[in-house]
Each structure stands twice: as C-alpha cells, then as structure tokens.
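Read off the chains here:
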Amino acid sequence: IPFGMNTKPNLTHGMKRSRLIDFAAGTSKIYPFRFNRSNAVHFCHFNKCYYIAYSDGLRIFYPDGDEKEISMPDGKKIIATSFASDELGNIYIGTVNQGVIIMNSDLLIKNITVQNGLSNNYCRRLFYQDGVIWVLTKNSLDFIQDNEVENIGAKLAINYLEIKDIAFKEGNLYMATKTGIIEID
C-alpha cells in the first residue's frame with residue numbers, strides 16, 4: 001500500500017485495472033491508468049504522483065487525475081525498467097537504452113550514460129541506499145554518488161556474472177545470479 005493510503009486499493013472495474021481508488025484522509029481519489037503493458041511503477045512521496053513505465057513511454061499521473069508523458073529533450077520516448085528515489089525527492093529512472101535519468105517532479109535534471117562512466121545504457125534495476133544509487137546494468141554493477149559513476153562490478157571482479165537483481169540488508173549486498181545468491185559485505 002503506497003504511503004498516504006489507509007487501505008488496500010479498490011479496483012473499480014475488477015480485473016480491467018482501469019482505475020485505482022485512494023481512500024486517503026477520508027476522501028476518494030480516482031487515478032485513471034492506461035490499458036497498456038507496463039514495466040515498472042513508482043509512487044513519489046513528495047509530489048504524491050505515480051510514475052509508470054509503459055512499453056511505449058514514461059507517464060506521470062498527478063493527484064488531481066491529470067497525466068503527462070515525459071520524453072527526453074530531443075523528443076525521444078523514455079522506456080524505463082526501474083525506479084528509485086532519494087530523500088530530496090529526486091527520482092532515478094533506469095532505462096532500456098538511455099542509462100539513468102534523474103528527475104525531480106517532471107523536470108529532467110541529468111542523464112547519466114556510458115559517456116559518464118556507466119557500464120551499459122541498459123539498466124535492469126536501481127536501488128537507493130545511504131546516498132548511493134546502485135545501478136544494475138546489463139553488463140555490471142555500478143554506483144552513482146555525488147553525480148560520479150563507479151563500476152563496482154569491475155572492482156569486485158563480478159562482471160562475468162549475469163546478475164538479475166540486487167538487494168541490501170544490514171550493509172550486505174545480495175545478488176541474484178544464474179548460479180544462485182551471492183552475498184558481499
């Protein structure tokens with residue numbers, strides 16, 4: 001249940017999934033979502049918006065029911081795979097071929113790609129932990145801190161692994177691979 005919701009979502013049209021009702025603070029809010037395949041969803045606690053990565057582009061759904069498609073400055077669509085956010089309200093968006101996009105609300109702040117040191121522009125998963133954005137790319141594991149990119153996969157000699165997902169617990173990094181779970185402290 002996203003923060004701000006007091007109960008589980010009520011889908012008004014059953015399995016059609018066309019609307020989500022939010023019963024926060026005693027008032028009902030209806031969010032009309034699209035009938036299209038989605039890759040990822042993120043709820044921003046700062047602006048109370050949903051960011052949904054559809055197969056045909058990135059959209060923001062505002063609390064008043066409005067929606068907006070977000071594109072790159074050159075007009076190219078953003079095909080996102082994963083989201084993360086920090087305590088300042090910045091939203092980090094992992095993409096299929098555009099690296100990591102940093103936004104605040106609906107404003108594009110920065111685009112981090114292989115030109116900035118990212119190991120690949122295809123991002124499988126993003127994870128925010130203690131001021132660091134961990135980026136699981138198609139090739140390796142990178143992290144971004146203070147707008148600097150470092151390929152931690154190369155330092156740990158794990159680039160040969162096909163890492164599918166990452167998680168953190170009590171300072172340890174867990175990686176899901178084809179051969180099992182690997183823990184690094």
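Residues numbered from 1 in each chain as written. Predicted model: local features only at pLDDT ≥ 70, side-chain atom pairs only at ≥ 80, totals over all residues. Heavy atoms only, no water.

## Considerations on the packing of aromatic side chains
Note the threshold: Stacked, tilted and edge-to-face are the three classes assigned to paired rings of Phe, Tyr and Trp, where Trp is represented by its six-membered ring and a pair needs centres within 6.5 Å; plane angles under 30 degrees give stacked, over 60 edge-to-face, the rest tilted. Secondary structure elements follow DSSP: runs of H or I no shorter than four residues count as helices, runs of E no shorter than two count as strands, and numbering proceeds from the N terminus.
According to the stated counting rule, one finds four aromatic pairs in the structure shown. Summarising the aromatic geometry, the rings of Phe127 and Phe168 are spaced 4.9 Å apart at their centres and angled 35° between planes, so their arrangement reads as tilted. In this pair, Phe127 sits in strand S12 (residues 123–129) while Phe168 sits in strand S16 (residues 163–169), placing the two residues 41 residues apart along the sequence. Here the aromatic rings of Trp134 and Phe168 are separated by 5.0 Å at their centres, their planes lie at 50°, and the arrangement is tilted. Within this pair, whereas Trp134 is found in strand S13 (residues 132–137), its partner Phe168 is found in strand S16, the two being separated by 34 residues in sequence.

## Some thoughts on the sheet that holds strand S9 (residues 90–95)
Rule in force here: In this description, strands pair whenever DSSP reports at least two bridges between them. Comment: axis = line fitted to C-alpha atoms, over the contacting stretch for helices; angle = value between 0 and 180 degrees taken between N-to-C directions.
With respect to topology, four strands assemble into an open sheet ordered S8-S9-S10-S11, the strand pairing being antiparallel. Every interior strand has two partners, whereas the edge strands, strand S8 (80–85) and strand S11 (107–112), have only one. Each neighbouring strand pair of the sheet contributes to a mean axis angle of 25°, computed without reference to strand direction.

## Quick notes on the nonpolar core
Formally: In plain words, nonpolar cores are sets of buried Ala, Val, Leu, Ile, Met, Phe, Trp, Tyr and Cys residues tied together by side-chain atoms within 4.5 Å. Exposure classes here rest on a 1.4 Å probe applied to the protein chains alone. A residue is buried below 20% of its type maximum, exposed above 50%, and partly exposed in between. We call two residues in contact whenever any of their non-hydrogen atoms come within 4.5 Å of each other.
Core analysis: the biggest nonpolar cluster contains 17 residues, and Tyr51, Leu58, Ile60, Ile78, Phe83, Ile93 and Met103 have the highest contact counts within it. Among the elements of the structure, strand S4 (38–44), strand S5 (49–54), strand S6 (57–61), S8, S9 and strand S10 (100–104) are those that each provide at least two residues to this core. For this core, the element with the most residues is S5, which contributes three residues. Leaving out residues up to four positions away in the same chain, Tyr51 has contacts with Ala40, Val41, His42, Cys44, Arg59, Ile60, Phe83, Ile91, Ser105 and Asp106. Judged by nonpolar contacts, the second largest core, of 15 residues, contains Val132, Leu141, Ile152 and Ile163.

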